[in-house]
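# An overview of the molecular structure
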Amino acid sequence: EIIMSPAFDEDGVIFYGGEYLSKDGGENWQAIKASKRGRLNISCAKTHKDGIAFHPHYNHEIPEERRRMVMVATASENITTEIWVSDDIGLDFRKLNLSPSVRNTLEEGKCPMLATMGKVTYLVTQSMAMFGTADFGESWSVVLPAQVNKEIVMQVQVDFSTLLLVTKNKVYQMKPRNIQEFPLKFSAPAPVPIVLPDSSPDHP
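Residues numbered from 1 in each chain as written. Predicted model: local features only at pLDDT ≥ 70, side-chain atom pairs only at ≥ 80, totals over all residues. Heavy atoms only, no water.

## Structural notes on the overall build of the protein
How we decide: Here a helix means four or more residues in a row that DSSP labels H or I, a strand means two or more in a row labelled E, and each is numbered from the N terminus. Between the two quantities, the radius of gyration covers C-alpha atoms and the globule rule is 2.2 Å times the number of residues to the power 0.38. Here a residue-residue contact requires only that any non-hydrogen atoms of the pair lie within 4.5 Å. Accessible surface is estimated by sampling points in the Shrake-Rupley manner with a 1.4 Å probe; for residues, cover comes only from the protein chains shown.
Within the protein, the secondary structure is distributed over two helices and 19 strands. Against the globule reference of 17 Å for 204 residues, the protein gives a C-alpha radius of gyration of 17 Å, in line with a compact fold. With respect to the principal axes defined by its C-alpha atoms, the protein has extents near 50 × 40 × 35 Å. A sequence separation of at least 24 residues applies to 44% of the contacts in the protein between residues at least 6 apart. For the protein, the computed accessible surface area is about 11,400 Å², with 50% contributed by carbon and sulfur atoms.

This is how it looks when you write it as structure tokens:
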């Protein structure tokens with residue numbers, strides 16, 4: 001996947017496959033790496049755009065408030081699933097020290113999905129467990145526990161104030177609302193399935 005930063009017209013930042021970074025619009029590329037031992041070559045962004053998320057203030061209208069930070073998920077068989085952050089769109093990424101409540105929901109070899117909406121960055125597992133962070137990974141709060149409907153989330157998209165969770169046969173919409181800033185707490189109704197044309201009873 002080719003993923004451009006929210007401020008591409010200004011900073012020229014592009015990620016390719018979650019492994020390479022260009023800061024000049026694709027003229028030159030460098031391999032990104034972990035600040036400590038780690039394997040960023042198994043980035044989930046190789047095949048999914050939601051394997052990378054940008055800081056909510058990445059392209060803030062006030063230059064002094066901008067935070068040029070990026071979050072990346074990595075996963076592979078027989079290797080612990082991990083979340084990494086770059087603090088300045090550099091080549092070095094540091095591994096986040098996830099709490100047990102988050103770490104225990106990450107399944108080995110299965111990519112979690114990342115999405116930034118408003119002031120919050122969300123982490124969604126394939127079993128539809130969802131966490132939110134307002135400090136870009138330093139602390140996480142539960143938005144939604146893992147679901148027992150056996151559906152596997154394959155993709156997460158942001159549509160204004162709504163998260164769209166895409167499974168093999170359905171699309172669910174979710175509108176989490178933070179009801180407390182410190183510590184971060186959410187009011188999150190259950191995901192609601194969207195009726196798609198080919199599954200509508202009125203569809204010919």
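Further notes follow.
## What about empty space enclosed by the protein?
Spelled out, the test is: A 1.4 Å probe that fits into a set of points on a 1 Å grid over the protein atoms alone but cannot get out defines a cavity; an open set with protein on both sides within 12 Å along at least five of seven lines defines a pocket, and lining residues are those with an atom within 4 Å of a point. Grid points are joined across faces, edges and corners, and a volume is the space filled by probe spheres set on the points. Ten residue types, Ala, Val, Leu, Ile, Met, Phe, Trp, Tyr, Cys and Pro, are classed as nonpolar, four, Asp, Glu, Lys and Arg, as charged, and the remainder, Gly among them, as polar.
This structure, assessed with the given rule, holds one cavity of 30 Å³ or more. What lines the largest cavity is simply T81, T105, L106, E107, K110, C111, P112, T125 and Q126. Its residues assigned to classes, the lining of the largest cavity comprises three nonpolar, four polar and two charged.

## So, the state of the cysteines
Note the following rule: Disulfides are defined in this document as cysteine sulfur pairs within 2.5 Å. Whether a residue is buried, partly exposed or exposed follows from its accessible area with a 1.4 Å probe, protein chains only, as a fraction of its type maximum: under 20%, in between, or over 50%, in that order.
All told, the structure shown has one disulfide when counted by the stated rule. There is a disulfide in this structure between C44 and C111, and the S-S distance comes to 2.2 Å. Of note, the bridge from C44 to C111 carries an S-S torsion of about -95° and is left-handed in sense. In this pair, C44 sits in the loop between β5 (33-34) and β6 (52-54) while C111 sits in the loop between α2 (100-103) and β10 (113-117), placing the two residues 67 residues apart along the sequence. Judged by its relative accessible area of 2%, C44 falls in the buried class.

## Some points on the pairing of strand β9 (residues 92-95)
The following threshold applies: We call two strands paired when DSSP finds no fewer than two bridges between them.
Bridge count between β5 and β9: two bridges; the pairing is parallel. Across the sheet, K33 pairs through a bridge with D92, a residue of β9. Across two bridges, the pairing between strand β8 (residues 79-86) and β9 is antiparallel. Residue pairing in the sheet places V85 in a bridge with R94 of β9. The antiparallel hairpin formed by β8 and β9 contains five residues in its connecting segment, where I89 sits at a positive phi of about 50°.

## With respect to the side chain of T162
Secondary-structure assignment places T162 in strand β15 (residues 162-166). Other than its neighbours up to four places away in sequence, T162 contacts M117, Q157, Q173, M174 and K175.

## Quick look at the sheet that holds β5
What the five strands build is an open sheet, ordered β5-β9-β8-β7-β6; its pairing is mixed. With one partner strand each, in any of the chains shown, β5 and β6 form the two edges of the open sheet.

## Comments concerning unusual backbone geometry
One non-glycine residue, N78, lies in the positive phi region at around 65°. Following the sequence through the fold, N78 ends up in the loop between β7 (70-76) and β8. Located in the positive-phi region is M128, a residue other than glycine, with phi close to 75°. In this fold, M128 is placed in the loop between β11 (120-124) and β12 (130-133). By relative accessible area, M128 is classed as buried at 1%.

## Some points on the packing of aromatic side chains
Short version of the rule: Ring pairs shown here join Phe, Tyr and Trp side chains whose ring centres sit within 6.5 Å, with only the six-membered ring taken for Trp; geometry is labelled stacked below 30 degrees between planes, edge-to-face above 60, and tilted in between.
In the structure shown here, the tally under the stated rule is four aromatic pairs. Through pairs of rings, three or more aromatic residues link up here, namely F15, F54 and Y58.

## A few points about a nonpolar patch on the surface
Our working definition: Patches draw on residues past 30% relative accessible area with no salt bridge. Two like charges within 9 Å are joined, as are two nonpolar side chains (Val, Leu, Ile, Met, Phe, Trp, Tyr) within 5 Å. When a carboxyl oxygen of Asp or Glu is within 4 Å of a side-chain nitrogen of Lys or Arg, the pair counts as a salt bridge.
Together, I2, M4, Y16, Y20 and W29 make up a nonpolar patch on the protein surface, roughly 530 Å² of accessible area in all. Judged by relative accessible area, which is 37%, Y20 ranks as partly exposed.

## A short note on the sheet that holds strand β4 (residues 30-31)
As summarised here, the arrangement of the four strands in space is β1-β2-β3-β4, forming an open sheet in which the pairing is antiparallel. The outermost strands of the open sheet, each flanked by one partner alone, are β1 (2-4) and β4. By the bridge criterion, three bridges tie strand β2 (residues 14-16) to strand β3 (residues 20-22) in an arrangement that is antiparallel. Its bridge partner lying in β3, Y16 is registered against Y20.

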